[in-house]
Amino acid sequence: MTARAALIVLAALLGAAPAAAHRLSPAFFGLTESEPGVFAVQWKVSISGGLAAALEPRIPEGCTLNGAVRTYDIADARVQLGELACPDGLDGVPFEVAGLPSTQTDVLLRVGYLDGSSYTARLTPDAPSTVIAARQGAGNVMRTYLVLGVEHILLGIDHLLFVLALLLLVRGVRRLVVTVTAFTAAHSITLGAATLGFVRMPQAAVEATIALSILFLASELARRDDGAAPRGADLTARFPWIVAFSFGLLHGFGFAGALSEIGMPQESVPLALLFFNVGVELGQLVFIAAVLALGVVLRRARLPAPAWWPRAVAYGIGTVAAFWTMERTAAIW
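Caption draft 1: Highlighting the packing of aromatic side chains. Applying the stated criterion to the full structure yields seven aromatic pairs. Look at Phe39 and Tyr113: their rings are 6.3 Å apart centre to centre, the planes differ by 85 degrees, and that puts the pair in the edge-to-face class. Linking Phe39 in strand β2 (residues 38-46) with Tyr113 in the loop between β8 (107-112) and β9 (118-123), this pair joins segments that are 74 residues apart in sequence. Like Phe39, the residue Tyr113 is buried in the burial classification. Here Phe239 and Trp241 contribute two aromatic rings whose centre-to-centre distance is 6.2 Å and whose plane-to-plane angle is 80 degrees, an arrangement assigned as edge-to-face. For Trp241, a relative accessible area of 30% puts it in the partly exposed group.

Next up, the structure:
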């Protein structure tokens with residue numbers, strides 16, 4: 001990658017960093033049938049950016065609210081719980097979230113029925129409503145979670161900074177392919193294990209350690225004299241795939257935490273998990289391809305690069321990673 005490519009990508013990521021550090025933040029509206037025609041309701045929305053005030057789910061036609069709605073503010077999210085009585089059921093009933101077209105977020109709708117079937121839909125500013133179905137095909141689950149996986153990566157600035165640092169550290173196409181493959185395999189393992197309940201990790205500690213992994217790679221970048229050769233035989237220069245695999249395990253726990261926030265249809269957990277992971281990989285490949293393509297374009301343009309660019313990139317990544325490390329470590333307590 002050329003100097004200008006790295007600086008341009010870094011500037012774009014740092015500009016978005018305060019708002020999107022490894023967070024998947026669609027709002028969530030869940031309806032779970034507790035007895036025939038009665039649904040427990042959960043509405044979860046981020047408070048940041050005024051989303052809690054801007055978004056308002058509409059009560060489905062033919063349903064009435066049983067009792068009062070209970071509201072809780074947890075960290076940066078507002079959670080509301082209630083109960084709906086829908087004597088005629090929800091099959092074929094339209095559902096809409098008012099205010100969604102004026103935002104830049106999504107709403108994940110999930111309806112769970114007593115017989116174990118479910119309906120899942122992703123509402124967007126361009127499509128703020130849907131018609132609920134009693135059952136849905138596998139295609140809808142695959143499409144919904146594939147898009148959620150891609151969005152999570154492309155909005156997860158800390159993950160992208162980690163990948164960018166790997167691209168800058170690793171020399172040679174073969175070593176780069178092996179390193180990225182190791183990172184992918186590692187976070188796929190822990191994403192699956194944590195989502196399926198085989199392994200559990202405190203999410204706050206995971207997020208802090210992810211930030212620390214970016215800081216580690218930034219320090220490795222800063223140790224280079226001229227952006228091409230490391231000082232001495234450091235671990236990342238000799239065995240980048242080992243470093244990528246080790247830290248990839250941590251990032252997988254981060255992905256699992258994000259997926260647990262939005263939940264999955266119980267009868268299609270393997271399918272939803274698989275396509276969320278596929279979406280993560282597609283988003284990652286899109287980012288890598290874009291960075292490498294930008295590097296090729298700028299290299300062919302033969303634009304001069306300042307000698308200080310490697311350290312500027314390293315210290316830029318390191319500064320943000322250090323801030324995240326302190327912020328997330330404080331959040332643990």
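Caption draft 2: Up close: the nonpolar core. Ranked by size, the top nonpolar core spans 56 residues in total, and within it Tyr145, Leu259, Phe276 and Ile317 carry the most contacts. Secondary structure elements with two or more residues in this core: α3 (138-155), α4 (157-169), α5 (173-195), α6 (203-222), α8 (240-262), α9 (269-301) and α10 (309-332). The element best represented in this core is α4, accounting for eleven residues. Formed by 25 residues, the second largest nonpolar core is a distinct cluster that contains Phe29, Val45, Leu90 and Phe95.

Caption draft 3: Main features of the state of the cysteines. Enumeration according to the criterion identifies one disulfide in this entry. A disulfide bridge connects Cys63 with Cys86, and the sulfur atoms are separated by 2.1 Å. The chirality of the disulfide connecting Cys63 with Cys86 is right-handed, given an S-S dihedral of about 115 degrees. In this pair, Cys63 sits in the loop between β3 (56-57) and β4 (64-65) while Cys86 sits in the loop between β6 (77-85) and β7 (94-98), placing the two residues 23 residues apart along the sequence. The buried category is assigned to Cys86, whose relative accessible area is 1%.

Caption draft 4: Inspection of the sheet that holds strand β10 (residues 129-131) at higher detail. Pairing within the open sheet is antiparallel, and its three strands lie in the order β3-β7-β10. Both edges of this open sheet fall to β3 and β10, since each of them pairs with a single strand only. Bridge count for β7 against β10 is three bridges, and the pairing is antiparallel. Pairing of Phe95 across the sheet is with Thr130, part of β10.

Conventions we followed
Residues numbered from 1 in each chain as written. Predicted model: local features only at pLDDT ≥ 70, side-chain atom pairs only at ≥ 80, totals over all residues. Heavy atoms only, no water. Phe/Tyr/Trp six-rings, centres within 6.5 Å; stacked < 30°, edge-to-face > 60°. Helix = DSSP H or I, 4+ residues; strand = E, 2+ residues; numbered from the N terminus. Buried < 20%, exposed > 50% of the residue type's maximum accessible area, 1.4 Å probe, protein only. Core = buried A, V, L, I, M, F, W, Y, C linked by side-chain atoms within 4.5 Å. Disulfide = S-S within 2.5 Å. Pairing = 2+ DSSP bridges.

Functional significance is not addressed by these values, which are geometric in nature.
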